Amino acid sequence: LPSILCLADCQLQTPCRIQKCTTDFVSLTSHLNFALDGFDLEFCKALRAYAACTYRNSKVCRGNLVYHSAVLGISDLMSQRNCSKDGPTSSTNLEVTHDPCNYSGHTGAREHRGEEQTSPPTYLFCSLFGDPHLRTFKDHFQTCKVEGAWPLIDNNYLSVQVTNVPVVPGSSATATNKITIIFKSYRDCTDQKVYQAVTDDLPAAFVDGTTSGSDGNTKSLRIVEKVGGKYVEMHARYIGTTVYIRQLGHYLTLAIRMPQELAMAYEESQDLQLCVNGCPSSERIDDSGHLPLSVMGQLLPQAGATHSWSVYTLETATTKCHEKILVKDIYFYSCVFDLLTTGDVNFTAAAHSALKDVEALHPRKEHWHIFPSNESGGGVGKGSKFFVSPGLVCLILTAFL
């Protein structure tokens, strides 16, 4: 009796983990297809891992019938599959088979374990450029004024704020001259990092001088300078997010791709997000469907120019934009609108770069281009879920008349 009590006490202190060995073996072999080449090789690797796990538990599982059944079963299976006892083994620690600071790897591991997420994550795209023109996570396209500081994104993982200033005196047109991004601290993947860009100061580092999230995980969050002082990219692998920031002329543009489940992780108090809900109606540049701006090419001051005036007519603005943007989609018409509004040729490059950012980051190729409708009242191409802001419809209709 004392020896039995001692055995029971010892097993309580160091429990038999045969069930864990069996569960790991099932996980390692559940995805294998018997009919495919390489099945025996992978199955034998899993069997050897199973055998090694039972061996490590041999002392504490000595009186466990399940353990002895598993040992006999492994021996039989190895004989049936002609598996050698020596050779490579599969990893039985599934928690180590993925990088916890890699969002795509994390979701893949959840799929492998049969948890809730069984399909690839859905990504959303948002951008701001030019006058500014906003493309929301819902692929709604708007032209807004939003002067001052406004939140583009504000969720549990990321905050992005833009500051817009007037471009032309006497006009409601604005453009972005400051961008502030806060990557919030996340487990062991990154400390909180703040990035700030202003006109003529587009750094390739966070405000603390670092270029990555933390010393231990330099690849989980990093900044890459593409063009010195003009174009940087931020890659946050731990939240599957990519950010592009450019300076074109005197103003900044931003494009971002982020997983939907993270982009929508915010509290009710954080509902003022331009990327999520668009611009408030009071901030849209339209008045009953008409822009309060001349589109017929009056003399307009060129933003930031040393000379006094610059002339663009509808015809010359269209020609200029067509040099950069061959497809007459909403980016083309945004370019025309900005030239007529500001006279600043740098807005042509901004619209062109915004389209390139869409092609690089937007997850669905069929939604890269937004085409205006020929019908009055707005809308977009057949079968599309997008819409065009009334102000741009006014410009587009004028162009067709």
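Residues numbered from 1 in each chain as written. Predicted model: local features only at pLDDT ≥ 70, side-chain atom pairs only at ≥ 80, totals over all residues. Heavy atoms only, no water.

Asks: Would you explain helix α2 (residues 18-29) in this entry?
Replies: Working note: α-helix, 3.6 residues per turn, so residues spaced by three or four point in the same direction. For α2, which comprises twelve residues, the first-to-last C-alpha distance of 17 Å matches the rise-based estimate of 16 Å (1.5 Å per residue) to within 8%. Taken residue by residue, α2 has Ile18, Cys21, Asp24, Phe25, Ser27, Leu28 and Thr29 as its buried positions. (Helix = DSSP H or I, 4+ residues; strand = E, 2+ residues; numbered from the N terminus. Expected span 1.5 Å × (residues − 1). Buried < 20%, exposed > 50% of the residue type's maximum accessible area, 1.4 Å probe, protein only.)

Asks: What's the story with the sheet that holds strand β4 (residues 148-154) in this structure? I'm lost.
Replies: Read across the open sheet, the four strands follow the order β4-β5-β6-β7; overall the sheet is antiparallel. Looking at the sheet topology across the chains shown, the edges are occupied by β4 and β7 (193-198). On average, each strand axis in the sheet is tilted by 20° relative to the strand beside it, whichever way the strands run. Relative to β7, strand β6 (residues 174-183) is paired through six bridges, and the arrangement is antiparallel. Bridged to Ile181 within β7 is Tyr195. (Pairing = 2+ DSSP bridges. Axes fitted to C-alpha atoms, helices over the stretch in contact; angles between N-to-C directions.)

Asks: When you look at the packing of helix α8 (residues 314-324) against helix α9 (residues 330-342) in this model, what are you seeing that I'm missing?
Replies: At a minimum axis separation of 9 Å, α8 and α9 run at an interaxial angle of 130°. Between α8 and α9, the interaxial angle falls into the category oblique. Of the two possible hands of crossing, α8 and α9 adopt the one that is right-handed. Residue-level contacts link Leu314, Ala317, Thr318, Lys320, Cys321 and His322 of α8 to Phe332, Cys335, Val336, Leu339 and Leu340 of α9. (Parallel < 35°, antiparallel > 145°, perpendicular 65-115°, else oblique. Left-handed = near helix turned anticlockwise from the far one by under 90°. Contact = heavy atoms within 4.5 Å.)

Asks: Just to check I follow, could you spell out the packing of α2 against helix α3 (residues 39-56) for this structure?
Replies: When two helices pack together, their arrangement is given by the angle between their axes and by how far apart the axes lie. The contact between α2 and α3 brings their axes to 9 Å, and the two run at 170°. Between α2 and α3, the angle is such that the two are roughly antiparallel. On α3, the residues touching Ile18, Cys21, Thr22, Phe25, Leu28 and Thr29 of α2 are Phe43, Ala46, Leu47, Tyr50, Cys53 and Thr54. Partitioned by chemical class, the residues of the contact of α2 with α3 number nine nonpolar, three polar and no charged. (Nonpolar A, V, L, I, M, F, W, Y, C, P; charged D, E, K, R; others polar.)

Asks: Before we go on, may I ask you to explain the nonpolar core in this structure?
Replies: In globular proteins that are soluble, nonpolar side chains generally tend to be buried together. Counting 43 residues, the largest nonpolar core has Leu152, Ile181, Tyr195 and Ile245 as the members making the most contacts within it. With four residues, the single largest contributor to this core is strand β11 (residues 251-259). If sequence neighbours within four positions are ignored, Ile245 has contacts with Ile179, Ile181, Tyr195, Leu202, Lys230, Tyr231, Val232, Met234, Thr253 and Leu254. Listed in part, the 26 residues of the second largest apolar core include Ala317, Leu340, Val358 and Ile370. (Core = buried A, V, L, I, M, F, W, Y, C linked by side-chain atoms within 4.5 Å.)

Asks: What exactly am I supposed to notice about the pairing of β6 here?
Replies: Across the ten residues of β6, seven count as buried, placing the element largely inside the fold. In the sheet, strand β5 (residues 158-166) pairs with β6 via nine bridges, with the strands oriented antiparallel. When the bridges of β6 are listed, Pro166 appears paired with Thr174.

Asks: I keep staring at the state of the cysteines and nothing clicks. Help me out?
Replies: Put plainly, a disulfide is one covalent bond tying together the sulfur atoms of two cysteines. One pass over the structure, following the stated rule, counts seven disulfides. Sulfur-sulfur distance for the disulfide between Cys321 and Cys335 comes to 2.0 Å. One quick way to see it: the torsion about the S-S bond of Cys321 and Cys335 is about -90°, and its sign makes the bridge left-handed. Highlighted residues: Cys321 in helix α8 and Cys335 in helix α9, separated in sequence by 14 residues. Note on Cys321: relative accessible area 0%, which makes it buried. (Disulfide = S-S within 2.5 Å.)

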